[in-house]
Amino acid sequence: MTQLLVVQTSPRGNTSVSRHMTRRFVTAWLAAHPGGDVLERDLMETGLPFVTAPWLEAYFTPPAQHSPAMKDRLALSDQLVAELLAADHIVIATPVYNYNVPAVLKAWIDHIVRKGMTLGVDGRGLVTGKRATVLIASGGVYTEGSPIRERDIATQYLRLILGVIGISDMTFVAGGGAKAVDLGAETMEGFVAGLAPELKRAAAH
C-alpha cells in the first residue's frame, strides 16, 4: 500500500492557505493512488518540544547505553522518524514567516534529522527512494523573475534539508501572493483553484 505522510505546520486552521492547498493535493493524490493510505502529522497538535541539552545528551549517547529517561526523551523523535521512513511520499505544507519556515517546522526537522536513522555517520542521507512535495503559502511572490526571488529562504532551506537526508525527487508548489486572500482581494477557493493544475501534477507524480 502506498503511504502519504502529510506534515501540517500552519496555526491558522480553516483560514490557512497552505492547509487548503493540502486538502486539494490529498484529494488529487487519493484519486491517483487508489487504496493509498494518508497519515497526517499536524505539528500544531503534536506539542513538539525544541531540542534541549538533555535531549542532545540522549541523542549523542549510543542506544545500547540509553537510560529509561533517555529513551523517553527520544520517544517522540523516534515516532516522527518512523513515520517519515514508512512513507513513500512526504508532503510538507507550510506558510512563510519572515522569509523562512515556522519554528514548529524547524523543530520537526531537528527531530527527524537523526544520525544512524535518516543520516549516515558518513553524512549521506538514508531516506532514499521517496518523493517529497512542498506546498508553500507566502505573502510575497518568489518565483522566477520576481525582484525578491533571493529572499526565498524557505524553499532553499527545505530543498537543502530534504537533499541532506537523501530525498532527491522533490516538487515545490509555490502559493505566492497569498496575502490577497487575507486582504479580501481574492477568495480562498479562487486562490487555491489557481494552483490546482500544479497540485494535481505533483499528486500524480
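The name given to the protein in an unreviewed UniProt entry is FMN dependent NADH:quinone oxidoreductase, with the source organism recorded as Massilia genomosp. 1. In its Sequence similarities (unreviewed entry) section, the UniProt record describing the protein reads: "Belongs to the azoreductase type 1 family." Under the UniProt heading Subunit (unreviewed entry), the note attached to the protein is "Homodimer."

Chemist: Looking at this structure, how should I read the pairing of strand β3 (residues 89–95)?
Modeler: Here β3 lies mainly inside the structure; 7 of its 7 residues are buried. Neither face of β3 is left uncovered, since the one carrying H89, V91, A93 and P95 and the one carrying I90, I92 and T94 both have all their residues buried. When strand β1 (residues 3–8) meets β3, the two strands line up parallel, connected through 5 bridges. Residue pairing for β3: Q8 is matched across the bridge by A93. Pairing of β3 with strand β4 (residues 131–138), which is carried by 7 bridges, proceeds in the parallel orientation. From the neighbouring strand, T94 faces β4, where its bridge partner is I136. Crossover connection from β3 via helix α4 (residues 103–112) to parallel β4: handedness right-handed.

Chemist: What should I look at first to understand the pattern of salt bridges in this one?
Modeler: Should their charged atoms come close, side chains of opposite charge can pair. Evaluation of the coordinates by the stated rule reveals 8 salt bridges. With its nearest N and O atoms 2.8 Å apart, the salt bridge here joins D110 to K106. With D110 and K106 both in helix α4 and 4 residues apart, the pair spans about one turn of that helix. Given a relative accessible area of 28%, D110 falls into the partly exposed group. The shortest N-O distance in the salt bridge between R149 and E144 comes to 3.5 Å. Take R149: its relative accessible area is 36%, and that puts it in the partly exposed class. Classification of E144 by relative accessible area gives exposed; the value is 68%.

Chemist: How should I be thinking about the side chain of H89 in this particular structure?
Modeler: Its location among the elements puts H89 in strand β3. We classify H89 as buried; its relative accessible area is 0%. For H89, the side chain forms a polar contact with the side chain of T133, separated by 2.8 Å. Discounting residues that sit within four places of it in the chain, H89 has contacts with Q3, L4, L5, F25, W29, R131, A132, T133 and A202.

Chemist: Explain the sheet that holds strand β2 (residues 37–42) to me, please; I cannot follow it from the model alone.
Modeler: Note on sheets: strands pair through backbone hydrogen bonds, and any given pair is parallel or antiparallel. With respect to topology, 5 strands assemble into an open sheet ordered β2-β1-β3-β4-β5, the strand pairing being parallel. Each edge of the open sheet is held by one strand with a lone partner, namely β2 and β5 (169–176). Strand after strand, the sheet turns through a mean of 15° between neighbouring axes, direction not considered. Bridge count between β1 and β2: 6 bridges; the pairing is parallel. Following the sheet pairing, L4 is matched in β2 by V38. Across the sheet, helix α5 (residues 153–164) lies against β3, β4 and β5, angled at about 165° from β5, the strand it touches most.

Parameters at a glance
Residues numbered from 1 in each chain as written. Predicted model: local features only at pLDDT ≥ 70, side-chain atom pairs only at ≥ 80, totals over all residues. Heavy atoms only, no water. UniProt positions renumbered as here; feature names shortened; annotations may be inferred. Buried < 20%, exposed > 50% of the residue type's maximum accessible area, 1.4 Å probe, protein only. Helix = DSSP H or I, 4+ residues; strand = E, 2+ residues; numbered from the N terminus. Pairing = 2+ DSSP bridges. Right-handed = clockwise from strand over helix to strand, strands pointing away. Salt bridge = Lys/Arg side-chain N within 4 Å of Asp/Glu carboxyl O. Polar contact = N/O pair within 3.5 Å; in protein donor to acceptor, adjacent residues only side chain to side chain. Contact = heavy atoms within 4.5 Å. Axes fitted to C-alpha atoms, helices over the stretch in contact; angles between N-to-C directions.

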